[in-house]
Every structure is written in structure tokens, then in C-alpha cells.
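# An overview of the molecular structure
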Amino acid sequence: MQEQKNEQMHRPVYVGFGSLKGGVGKSSIAEILASYLYYEKKRNLFVVDCDFSQYSFYNMRDRDKQAIQNGNPAFLERMKNHFERFNKHSYYILKSTSEKALQDAENFMAAHPAEKFDYIFFDLPGRADDTALVGLTVDLDYVISPIEPDPQSLVACMTYALVVRDLGVSLTSSKIRQIFMLWNKIDKRVNPAVIEFYDREIARQELGIFESRLPRSSRFKKELSPDNRDVFRSTYLSPDKKLLPGSGIEELAEEIIRKLTL
Ligand SMILES: Nc1ncnc2c1ncn2[C@@H]1O[C@H](COP(=O)(O)OP(=O)(O)O)[C@@H](O)[C@H]1O
Ligand SMILES: [Mg+2]
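Quick summary incoming for the structure in this document. Note that the structure is predicted; figures quoted are calculated from it, not measured.

## Description of the overall build of the protein chain
- Of regular secondary structure, the protein chain possesses nine helices and seven strands.
- Here the C-alpha coordinates of the protein chain stretch approximately 55 × 55 × 35 Å along the principal axes.
- Across the 262 residues in the protein chain, those meeting the buried criterion constitute 37%.

Following this line, the structure appears as C-alpha cells:
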């Protein structure tokens, strides 16, 4: 009986990658984490790309497909072996908008009743003029909001986080449990005082923050291609094992598995 109840209660965690600022790393981080969790950690998930002005996540899958289509036989063999070992299809990526995202996700799950999903990732548009963005954000379970250690960019990032927090608290209908800020693009030139200041501010405002920080790194450019054996960023492969140490991705994924629960 208990088992049946748990079975019925199983539903995926709705995780958004959001910010009012473009270029902070929402889509890249969502892609890398989705692939790491799906292909390496065997968590079942699908992705809803809501950024109709770019569709970067969806287009990444297209680039991956093209790399395979234009690839040499050895590369095709490598990819075929990968999916034979994995013994499952690649994760689905739906094209949507902030208005339609939740409905599209529900329809998709209704059309795939045999699949039990652990997560749905929503790649959110980074535009202040997207009127449905904040409404969608507060209807997700969690939002991951990347921040760069650049004072200009931090102002816009904090504004979004505070609006989401305030609406999440005040609207009784909202679902959001926590917004987690995530330091991205950290390098040696960063003034540690900026990070310390915002860490304190984030804590004072009762926003969440991941302990894992992501470095600024050229790995983010290592996409799937026939002459590149070390792929970091692909919708078909988990980041290459050699490139994971020092990238912060394994630590971040562990935090997500631990903290983003229902
Ligand atoms: N940690 C990082 N190190 C280096 N480049 C990064 C990092 N994170 C993101 N980028 C780069 O920054 C650019 C913007 O990232 P993107 O994920 O498209 O941002 P957003 O979705 O927030 O607009 C991309 O060219 C991406 O490769
Ligand atoms: Mg994006």
C-alpha cells in the first residue's frame, strides 16, 4: 500500500535556470548538468527550452546532430557504442515559451506515461521584457540563478532573485521553494571582496546559494566534434571524465541531488 502511494506521489522536481541577465551561463550550465545527471548519474529528465529568442539549448542538440551527420566513420562508431552502452535514447528537449512551458511539460509527461522523470529542466529566457517569466519562475519548485562576479551584472541578477523571493513568499498559489544563486565564471582577476560582500547579502536576504562555484574555463567551448575527443558540452554525452576535476560540475550535481528535493 505504502509502495503504491509512493509510486503515485512520484513526480519530477521542476528546476528552472533563470536570471534577468543574459550571458551569465544559464543555458550552458543547464546543458552540462542535464547531460551529467542523465548519462552519468542515470537520473531521468527532460528539458523545456523557454528562450524563444535564442533556443540555445535546442540549437545545441541541432549542432550535436550535425556534428554526427558530418562525422567520419570512426566518430559515428564511437557515438553508436556510447548509446549501446547507455542502452537508452538521449534526453528530450522541448521547444516552448514562458507562457506554454508548464502545459507543454504536462502534455509531454501525459504522452510518456511509462517514463518516471526525476527532473524537468527549464532553460528560462534572460529578458526583463518577457512578461510571463516571473510568473513561470514562481510556479517551479526551484530556480538556479547563475551570477558573475561583475558588479554591474550582479545588480540585475539580485533584482530578479528578490522579486522571485518576494512573490514566492507572498503569493499563496506559488510553488517555489527556493532560489539558489550560483557563482559562475570565477577567475583569478576576481576581487574576493565582491564575492564576500554578495555572499553576505545573499544570506541576509535569505536567498539560497550553492557552495560549489564554477570557474571561468575554456572547457565551456569544447563541443561535440569528430576531431575533439574531450567533449565537455554536449546534449549526447556527459562531460569527459578528464575535464571534470576542477570544473565544479560534480560537486554542483551532488548539491543539486541533495538539496533540490520535494
Ligand atoms: N564558466 C564559464 N567559463 C567560460 N565561459 C562560460 C562559462 N559559463 C558560460 N560561459 C560562456 O558564456 C556565454 C553565455 O553563456 P549562456 O549559457 O549562453 O548564457 P545565458 O543562457 O545565461 O544567456 C557562452 O558563450 C558560454 O560558453
Ligand atoms: Mg540562454
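The structure having been displayed, the exposition proceeds.
## A word on the site of ligand 1
- In the region of ligand 1, 15 residues are neighbours, and G25, K26, S27, S28 and F220 sit closest.
- If you tally residues by element for the shell around ligand 1, the top one is helix α2 (residues 26–40), at three residues.
- Considered class by class, the residues forming the shell around ligand 1 number three nonpolar, nine polar and three charged.

## Some details on the pairing of strand β2 (residues 45–49)
- Most of β2 sits inside the fold, with five of its five residues counted as buried.
- Note: β2 against strand β4 (residues 119–123), five bridges, orientation parallel. Paired with D49 across the strands is D123, a residue of β4.
- As defined by bridge partners, β2 adjoins strand β3 (residues 93–95) across three bridges and the pair is classed as parallel. When the sheet's bridge partners are listed, D49 is paired in β3 with K95.

## Thoughts on helix α9 (residues 249–259)
- Those residues of α9 that sit buried are I249, L252 and I256. The buried residues of α9 occupy one face: seen down the axis, they fall within an arc of 65°. Opposite the buried face of α9, by more than 90 degrees, sit the exposed residues E254 and R258.
- The inward-facing, buried residues of α9 abut α2.

## Considering the nonpolar core
- If you look at the biggest cluster of nonpolar residues, it comprises 61 residues, and the most contacted ones within it are V15, L33, A34, L45, I120, F121 and F122.
- Element by element, the count of residues in this core is highest for α2, at nine residues.
- In contact with A34, other than residues within four places in its own chain, are L45, V47, Y91 and F121.

Calculation rules
The written sequence of each chain sets the order in which its residues are numbered from 1. Chains carry letters and ligands carry numbers; both start at the beginning, A for chains and 1 for ligands, and go up in the order they are written. Local features in this predicted model are restricted to residues whose pLDDT is 70 or higher, and side-chain atom pairs enter the listing and the counts only when it is 80 or higher, whereas totals over whole chains, interfaces and linings include all residues. In this text, helices come from DSSP runs of H or I with a minimum length of four residues, and strands from runs of E with a minimum of two, each type numbered from the N-terminal end. Residues with at least 20 neighbouring C-beta atoms inside 10 Å of their own are called buried, those with 12 or fewer are called exposed, and the rest are partly exposed, where every C-beta is derived from the backbone. Each residue gets a C-beta atom placed from its backbone. Should that atom fall within 6 Å of a molecule or strand, the residue is termed near it. Classification used: nonpolar for Ala, Val, Leu, Ile, Met, Phe, Trp, Tyr, Cys and Pro, charged for Asp, Glu, Lys and Arg, polar for all others including Gly. Two strands qualify as a pair provided that DSSP identifies no fewer than 2 bridges between them. Our arc is simply the arc of the directions from the helix axis toward the C-beta atoms. What counts as a contact is two residues whose backbone-derived C-beta atoms lie within 7 Å of each other. Joining buried Ala, Val, Leu, Ile, Met, Phe, Trp, Tyr and Cys residues through C-beta atoms within 7 Å gives a set, and that set is a nonpolar core.

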